[in-house]
Amino acid sequence: MTVQRETLVLPNEADKLLLHSCCAPCSGEVMEALIASDIDFTIYFYNPNIHPKKEYDIRKDENIRFAEKHEIPFVDADYDKDEWFSRAKGMEMEPERGIRCTMCFDMRFERTALYAHEHEFPIISSSLGISRWKNMDQINDCGERAASHYPDMTYWTYNWRKMGGSTRMIEISKREEFYQQEYCGCAYSLRDTNDWRTQKGRERIAIGEKYYQADK
Ligand code: SF4
């Protein structure tokens, strides 16, 4: 049974939202939920964690394709991977959901909040929280920390997973035949996922190969 979305309302009676997007599969449902509620929003793509560049370009292009389909403004921010690797120094062996991920969310949200401040967006949020692989409290903490640097900014902690959000995320990914990324994004998550696959006797990740299919 398909669960209906609830009508969304931005906090503080705000009139527009800057949505940090990590990729098309995660932001597809978030975008459609915002559109269904007639919320004015702009996509902010800032993900210098994604490695290698080929994977970054595919994820970004998929996100642009979906934004253009819905005529949603899309801000293509920097790919300053050197800064990301510099911040990750000493955390290379940290597990997923650990302190390297806190650093990674902080870096992405700091830039999102700065852009929001410079362009008068009172509310920011992120598609990152819709993934069941992620720790929502960790993401919300990072988002609220980034927003707290600006007096009139709020990080919207809406739970995109609820009321069927996680299910629709997959349905939309299949309908749109999005690129299906097989690891979180950084070089270390790629390494760890490949190590795990090798232990299980599975093939290593082939960048750029796997897409959701409408009939599966
Ligand atoms: S595992 Fe994911 S969230 Fe964590 S540091 Fe790597 S890309 Fe960032």
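The following paragraphs examine the structure supplied in this document. (Residues numbered from 1 in each chain as written. Predicted model: local features only at pLDDT ≥ 70, side-chain atom pairs only at ≥ 80, totals over all residues.)

1. Some words on the site of the ligand
For step 1, the next point in the chain: With respect to spatial proximity, the complete set of residues near the ligand consists of N49, E96, R100, C101, C104, C184, G185, C186, Y188 and S189.
For step 2, the next point in the chain: At the level of elements, α4 (99-118) and α7 (187-199) are the ones that each hand at least two residues to the shell around the ligand.
For step 3, the next point in the chain: If one sorts the elements of the shell around the ligand by residue count, α4 sits on top with three residues.
For step 4, the next point in the chain: Considering only residue class, the shell around the ligand consists of five nonpolar, three polar and two charged. (Near = placed C-beta within 6 Å. Helix = DSSP H or I, 4+ residues; strand = E, 2+ residues; numbered from the N terminus. Nonpolar A, V, L, I, M, F, W, Y, C, P; charged D, E, K, R; others polar.)

2. Description of the packing of helix α1 (residues 24-36) against helix α6 (residues 165-176)
For step 1, the next point in the chain: Two elements in contact, α1 and α6, have axes separated by 8 Å at closest approach and are oriented at 110°. Accordingly, the angle class assigned to the pair α1 and α6 is roughly perpendicular. Residues P25, C26, G28, E29 and E32 of α1 form the contact with α6, whose participating residues are G165, R168, M169, I172, S173 and E176. (Axes fitted to C-alpha atoms, helices over the stretch in contact; angles between N-to-C directions. Parallel < 35°, antiparallel > 145°, perpendicular 65-115°, else oblique. Contact = placed C-beta atoms within 7 Å.)

3. As for the sheet that holds strand β1 (residues 17-20)
For step 1, the next point in the chain: With parallel pairing, five strands are arranged side by side in an open sheet as β3-β2-β1-β4-β5. Unpaired on one side and paired on the other, β3 (74-76) and β5 (154-155) mark the two borders of the sheet.
For step 2, the next point in the chain: Taken together, the three bridges between strand β2 (residues 41-45) and β3 define a ladder with parallel strand orientation. Note on β3: the bridge partner recorded for Y44 is V75. (Pairing = 2+ DSSP bridges.)

4. Regarding the pairing of β2
For step 1, the next point in the chain: With four of five residues buried, β2 is to be regarded as a mostly interior element.
For step 2, the next point in the chain: Looking at chain direction, β1 and β2 are connected through four bridges and run parallel. In the sheet register, L17 faces β2, and the bridge partner there is F41.
For step 3, the next point in the chain: You can see the chain leave β1, run along α1 and come back into β2, and the turn it takes is right-handed.
For step 4, the next point in the chain: With helix α2 (residues 53-69) bridging β2 and its parallel neighbour β3, the resulting β-α-β unit is right-handed. (Buried ≥ 20, exposed ≤ 12 C-beta atoms within 10 Å, placed from the backbone. Right-handed = clockwise from strand over helix to strand, strands pointing away.)

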